[in-house]
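# Reading the structure
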Amino acid sequence: MTHQFNLAASLAGAVAGRSGAWAFVRGFAAHWDGSALGSSDGCTQAELDAAEVRLGLRLPAALREAYLLFGRRRDLTSNHDSLLDPAKLYVDDAKEALVFRHENQGAASWGILLDSLRNDDPAVLVRLDLADKRAERWEDWLERLSLCFVEIILSESLHADERLCDYLEADEHSVELLESNATRLPIPACPPGEEGRGTRWFLGRDVLLRDDDGMAVLARGRTAEDLDRVRDLIPGDWLNVHR
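Bear in mind that the values here come from a model prediction, so they are computed numbers and not experimental data.

## Examining helix α6 (residues 145-157)
With 13 residues, α6 should reach 18 Å at 1.5 Å per residue; the first-to-last C-alpha distance of 18 Å fits that figure. Counting buried residues along α6, 13 of its 13 residues qualify, which places the element largely inside the surrounding structure.

Structure, rendered in structure tokens:
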């Protein structure tokens with residue numbers, strides 16, 4: 001890692017608490033995304049106040065803090081799935097949850113149960129869009145909203161500039177190579193309680209990696225050379241090979 005930002009140490013702070021989560025986002029934006037957060041990157045207090053009036057509810061402190069810090073930085077939050085603008089936040093039809101994020105093809109939504117909005121940093125749940133609507137349920141995702149935003153920043157970074165990002169259909173051997181050439185990061189798997197490994201995060205030499213339950217490896221290098229190095233360490237039919 002570079003001396004300016006230790007991703008693993010900063011991520012440990014993010015897992016520990018809300019202030020650590022925002023410190024991680026600032027460091028990641030500056031040293032991995034390449035553009036430090038500025039005063040114009042957040043939504044305004046007036047936008048969030050208007051959302052509360054429109055919805056008739058209080059937004060949790062962590063949600064307001066996230067939007068105020070980086071709510072306009074779609075390069076951090078919306079390369080693949082979409083963080084909703086304050087004006088588009090809504091309560092689901094069942095009146096169970098405040099929805100703030102959508103999967104890119106509408107296959108899932110992320111939300112906060114209405115009865116937990118009084119908490120400063122409530123749990124986040126996910127609801128899959130199923131053919132049988134009666135089977136849809138809000139299921140556990142991550143235990144804290146601030147940690148969910150850290151996961152969003154990490155996940156969306158895997159879908160940025162394809163010169164820095166790549167995808168590999170995994171097998172047992174490629175997962176073994178990942179485990180032996182990278183360090184497991186402390187962010188919890190989500191959703192929890194799934195059979196198999198779940199989603200696991202790793203850090204190589206200036207390369208962020210995600211193992212999706214042993215079925216795929218996604219990689220994001222700080223530079224194209226960093227990404228090439230991990231392709232050599234974990235050989236296979238990488239999707240975005242530019243050499």
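There's plenty left to go through after this.
## Let's talk about the pattern of salt bridges
Using the criterion set out here, one finds 24 salt bridges in the structure. In this structure, Arg64 engages Asp49 in a salt bridge whose closest nitrogen and oxygen atoms are separated by 2.9 Å. Linking Arg64 in helix α4 (residues 61-70) with Asp49 in helix α3 (residues 45-55), this pair joins segments that are 15 residues apart in sequence. Across the pair Asp121 and Arg144 runs a salt bridge, and its minimum N-O distance is 3.1 Å. You can see Asp121 sitting in the loop between β4 (108-113) and β5 (124-128) and its partner Arg144 sitting in the loop between β6 (138-142) and α6, a full 23 residues away along the chain. Across this residue pair, the class does not change: Asp121 and Arg144 are buried. Within the structure, one salt-bridge network assembled from shared partners comprises Glu96, Arg127, Asp129, Lys133 and Glu136.

## Things to note about the packing of helix α2 (residues 18-33) against α6
Between α2 and α6, whose axes approach to 8 Å, the crossing angle comes to 20 degrees. Here α2 lies roughly parallel to α6, going by the angle between them. Between α2 and α6 the crossing geometry is left-handed. Touching Arg18, Ala21, Trp22, Phe24, Val25 and Phe28 of α2 are Ser146, Phe149, Val150, Ile153, Leu154 and Ser157, all from α6. In the contact of α2 with α6, the residues fall into nine nonpolar, two polar and one charged.

## With respect to the sheet that holds strand β9 (residues 199-203)
Spatial ordering of the open sheet is given by β7-β11-β10-β9-β8, a layout of five strands whose pairing is antiparallel. Two strands lie at the open edges of the sheet, namely β7 (165-169) and β8 (183-184), each paired on one side alone.

## Things to note about the state of the cysteines
Evaluated as defined, the whole model comprises zero disulfides. Its sulfur unpaired, Cys43 is 16 Å from the next cysteine sulfur, which belongs to Cys148. The class for Cys43 is buried, based on a relative accessible area of 7%. Cys165 carries a free sulfur, and the closest cysteine sulfur to it, the one in Cys190, is 18 Å from it.

Rules of the game
- The residue numbers shown here count from 1 along each chain, following its written sequence.
- Only residues with pLDDT of at least 70 are given local features in this predicted model, and only at 80 or more are side-chain atom pairs given and counted; all residues enter the totals for whole chains, interfaces and linings.
- Note that water and hydrogens are dropped before the side-chain values are worked out from all heavy atoms of the structure.
- Strands here mean DSSP runs of E at least two residues long; helices mean DSSP runs of H or I at least four residues long; both are numbered from the N terminus.
- Given a helix with a known number of residues, its expected span is that number minus one, times 1.5 Å.
- Burial here depends on accessible area, computed with a 1.4 Å probe over protein chains only, as a share of the maximum for the residue type. Under 20% is buried, over 50% is exposed, and the range in between is partly exposed.
- Take a side-chain nitrogen of Lys or Arg and a carboxyl oxygen of Asp or Glu: if they are within 4 Å of each other, that pair is a salt bridge.
- Between the N-to-C directions of two axes lies an angle of 0 to 180 degrees, each axis being a line fitted to C-alpha atoms and, for a helix, fitted only over the stretch in contact.
- Oblique is the label for any angle not covered by the other classes, which are roughly parallel (under 35 degrees), roughly antiparallel (over 145) and roughly perpendicular (65 to 115).
- Rotating anticlockwise by less than a right angle from the far helix to the near helix defines a left-handed crossing, while the corresponding clockwise rotation defines a right-handed one.
- Residues count as neighbours in contact if any of their non-hydrogen atoms are within 4.5 Å of one another.
- Three classes are used, and their members are as follows: Ala, Val, Leu, Ile, Met, Phe, Trp, Tyr, Cys and Pro are nonpolar, Asp, Glu, Lys and Arg are charged, and the others, Gly among them, are polar.
- What makes two strands pair is DSSP finding at least two bridges between them.
- Throughout, a disulfide means two cysteine sulfur atoms within 2.5 Å of one another.

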